[in-house]
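Working through the structure, step by step
As a plain string of letters, each chain reads:
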Amino acid sequence: MALFGEGKAIVDLLAHWRKWRKDSNDPARQQAERLIAAFEAYGVRRQQIARLMPESVALPSPLMSSPETLKNEISPKLLDWAAQYLALNRAWFDGVDPQPHLLIDGYKDTPAHERWLRSRIEAEPGRYRHVVVWKAEAGEATFDSIGPLCVVYVEQDVGLDGSEFSRYWLLSRNWSLGHPPCVECMVTLVNLARSLGLLVTGRIKPLRWLERLEEGAVFASEMDHVSGELWYPEEMTFGGDRRPEPLLA
């Protein structure tokens, strides 16, 4: 009987492994899994997603209960809507880009950031918005500083049943706290945001969380709920014995 039990356990394990391989190679299931995971990371439970859907992509709520039940209803139009509603990278839903967030690239190009920020303000003038800067270390930056310098633009909206709903855009990617041009770009961006009337805050976050955000392994909405000490980005200076490199170097 013991041998029979062990044999059955091995057969069950192989069956689970085959199912896992099949699921991991099923692009429709992966897209469904990402859609559900993204909404839940933004505070929308899977049973609530159907309430947000416009008529053009509406689906019965039970289909949203799992990737398995949703995968046969996945369509480009549904994913287009999800990406637009959450302000996420459409290519991420297809599994062809590891970063779920949209990047507004303005590294050493302040006018690009200014044009984009002004466009958001003009598009939704009455919406509350702010900029947050996340880093892993307290104090000034030095050449020995560790970790990313993450600048994120946030817009708040009204969600289901009057709840608060936020969308996030990355204003930086792979900016290093130990690289003077990145620090200078951050300070310039902070001053720009303030000149446009935006609130700017700073928080110290765990290094591994910041690294995972850069890798695309966590959502900014999840980062926002990780507690962290307050700091003031506009007061950032670059310390050390060497002079900072020129901004355009």
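Below: a short report on this structure. Everything numeric here is computed off the predicted structure, so don't read it as measured data. (Residues numbered from 1 in each chain as written. Predicted model: local features only at pLDDT ≥ 70, side-chain atom pairs only at ≥ 80, totals over all residues. Heavy atoms only, no water.)

So, unusual backbone geometry
What counts here: Only DSSP runs of H or I covering at least 4 residues are called helices, and only runs of E covering at least 2 are called strands; the numbering of each starts at the N terminus.
Even without glycine at this site, Ala87 takes up a positive phi of about 60°. Relative to the elements of secondary structure, Ala87 occurs in the loop between α5 (76–86) and α6 (90–93). For Lys108, which is not glycine, the phi torsion reads 60° and is therefore positive. Its place among the elements puts Lys108 in the loop between α6 and α7 (110–123).

Digging into the packing of aromatic side chains
Filter applied, for reference: Ring geometry is summarised as follows: Phe, Tyr and Trp rings, the Trp one being its six-membered ring, pair when their centres sit within 6.5 Å, and such pairs are stacked at plane angles under 30 degrees, edge-to-face over 60 and tilted between the two. Only protein chains enter the calculation, and the probe is 1.4 Å; a residue is then buried if its accessible area is under 20% of its type maximum, exposed if over 50%, and partly exposed in between. Note on geometry: a ring has a charge over it if NZ (lysine) or CZ (arginine) is within 6 Å of the ring centre and within 35 degrees of the ring normal.
Summed over all chains, the structure comprises 14 aromatic pairs. Between Tyr42 and Phe165, the ring centres sit 6.1 Å apart and the planes meet at 40°, which makes this aromatic pair tilted. Linking Tyr42 in the loop between α2 (27–41) and α3 (49–52) with Phe165 in strand β3 (residues 164–170), this pair joins segments that are 123 residues apart in sequence. Residue classification places Tyr42 among the buried residues on the basis of a relative accessible area of 8%. Taking the centre distance of 5.0 Å and the plane angle of 85° together, the rings of Trp116 and Tyr153 count as edge-to-face. One end of the pair, Trp116, is in helix α7; the other, Tyr153, is in strand β2 (residues 150–158), with 37 residues separating them in the sequence. With respect to burial, Trp116 and Tyr153 carry one shared label: buried. Of the aromatic side chains, those joined through ring pairs into one cluster are Phe39, Tyr42, Trp81, Tyr85, Trp92, Phe93, Phe165, Tyr168 and Phe219. One Lys or Arg, Arg167, reaches over the ring of Tyr85 and ends 4.9 Å from the middle of that ring. Here the guanidinium or amino end of Arg212 rests over the ring plane of Trp209, the centre of that ring lying 5.6 Å away.

What to know about the pattern of salt bridges
Heads up, the condition is: Salt bridge, as applied in this entry: a Lys or Arg side-chain nitrogen positioned within 4 Å of an Asp or Glu carboxyl oxygen.
Evaluation of the coordinates by the stated rule reveals 17 salt bridges. In this structure, Arg46 engages Glu40 in a salt bridge whose closest nitrogen and oxygen atoms are separated by 3.0 Å. Assessed through its relative accessible area of 32%, Glu40 is described here as partly exposed. Between Lys71 and Glu68 there is a salt bridge whose closest N-O contact spans 3.0 Å. Look at Lys71 and you get buried, because its relative accessible area is 16%. The class of Glu68 is partly exposed, set by a relative accessible area of 35%. Each of Arg120, Glu124, Arg127, Arg129, Glu155, Asp157 and Arg167 takes part in a single network of salt bridges with overlapping partners.

Keep in mind these values describe shape, not function.
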